[in-house]
Amino acid sequence: MKIFGKSPVNKFLFITGKTCLFICTMFFIVRLYWPESLLWKNKVNDIAAISLFIIGGFITLLSVINIGNALSIGLPENNTKLVTRGLYKFSRNSMYFGLFIILLASCLHAPHFINFILAIIAISVHHKIILEEEKFLKNRFGKEWDEYVRQVNRYLSFPSPRK
């Protein structure tokens, strides 16, 4: 299994998005281990942020497990199957959705304007990556992808009640 594929956006943008994601996550960790490092202290905020971080981490981890051998950083070059099971029944991009929740948690836990800017950049770049990945998936899977898109939203779907 080859984990690194072709970047769906230009490499500078791709690396910028991944770097912003990493640094924003580090804001959370720095604030967790050194609470006095950022002047903001609020128990309710901290509990909400830590809860969101755990939820986002769980969603991301479960998404990685669900995607299995189709996991790729960038567009996969090897043949893969369209993954529609597990969390991918509720989100076409559950791994990114989990990461976006982690970014939200970081901004709540370490509310600093640099952290906010990094989160906005990371989410914007990853949204662009998602759009390009979806074009790739449409080309690779055709009608199977089209059916999946009709059933599952990009970020979050709720199961429809049975009749």
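Since the model is a prediction, treat every value here as computed from it, not as a measurement. (Residues numbered from 1 in each chain as written. Predicted model: local features only at pLDDT ≥ 70, side-chain atom pairs only at ≥ 80, totals over all residues. Heavy atoms only, no water.)

(A) Focus on the packing of helix α1 (residues 11-33) against helix α3 (residues 94-109). The interhelical angle for the contact between α1 and α3, taken along N-to-C directions, is 45°, at an axis separation of 9 Å. With respect to each other, α1 and α3 are oriented oblique. For the pair α1 and α3, the sense of crossing is left-handed. Residues Lys 18, Leu 21, Cys 24, Thr 25, Phe 27, Phe 28, Arg 31 and Leu 32 of α1 pack against Tyr 96, Leu 99, Ile 102, Leu 103, Ala 105, Ser 106 and His 109 of α3. (Axes fitted to C-alpha atoms, helices over the stretch in contact; angles between N-to-C directions. Helix = DSSP H or I, 4+ residues; strand = E, 2+ residues; numbered from the N terminus. Parallel < 35°, antiparallel > 145°, perpendicular 65-115°, else oblique. Left-handed = near helix turned anticlockwise from the far one by under 90°. Contact = heavy atoms within 4.5 Å.)

(B) Summary view of a nonpolar patch on the surface. Together, Val 30, Leu 32, Tyr 33, Trp 34, Ile 50 and Ile 54 make up an exposed nonpolar region whose accessible area comes to about 610 Å². At the level of elements, α1 and α2 (43-67) are the ones that each hand at least two residues to the nonpolar patch. Looking at the nonpolar patch element by element, the count peaks at three residues for α1. Relative to the helices and strands, Tyr 33 resides in helix α1. (Patch = residues over 30% accessible without salt bridge, like charges linked within 9 Å, V, L, I, M, F, W, Y side chains within 5 Å. Areas by Shrake-Rupley, 256 points an atom, 1.4 Å probe, with all protein chains shown as cover. Salt bridge = Lys/Arg side-chain N within 4 Å of Asp/Glu carboxyl O.)

(C) The state of the cysteines, seen in detail. If you walk through the whole model with that rule in mind, you get zero disulfides. No disulfide involves Cys 20; its sulfur sits 8.4 Å from the nearest other cysteine sulfur, which is in Cys 24. Between Cys 24, a cysteine without a disulfide, and Cys 107, which holds the nearest cysteine sulfur, the sulfur-to-sulfur distance is 4.5 Å. (Disulfide = S-S within 2.5 Å.)

(D) View of the nonpolar core. Leu 103 and Ile 129 are the most contacted members of the largest nonpolar core, which has 19 residues in total. Broken down by secondary-structure element, the contributors of at least two residues to this core are α1, α3 and α4 (113-141). Those residues in contact with Leu 103, other than ones at most four positions away along the chain, are Leu 21, Cys 24, Ala 119, Ala 122 and Ile 123. Judged by nonpolar contacts, the second largest core, of ten residues, contains Val 83, Tyr 88, Met 95 and Phe 141. (Core = buried A, V, L, I, M, F, W, Y, C linked by side-chain atoms within 4.5 Å. Buried < 20%, exposed > 50% of the residue type's maximum accessible area, 1.4 Å probe, protein only.)

That is the geometry; function is a separate question.
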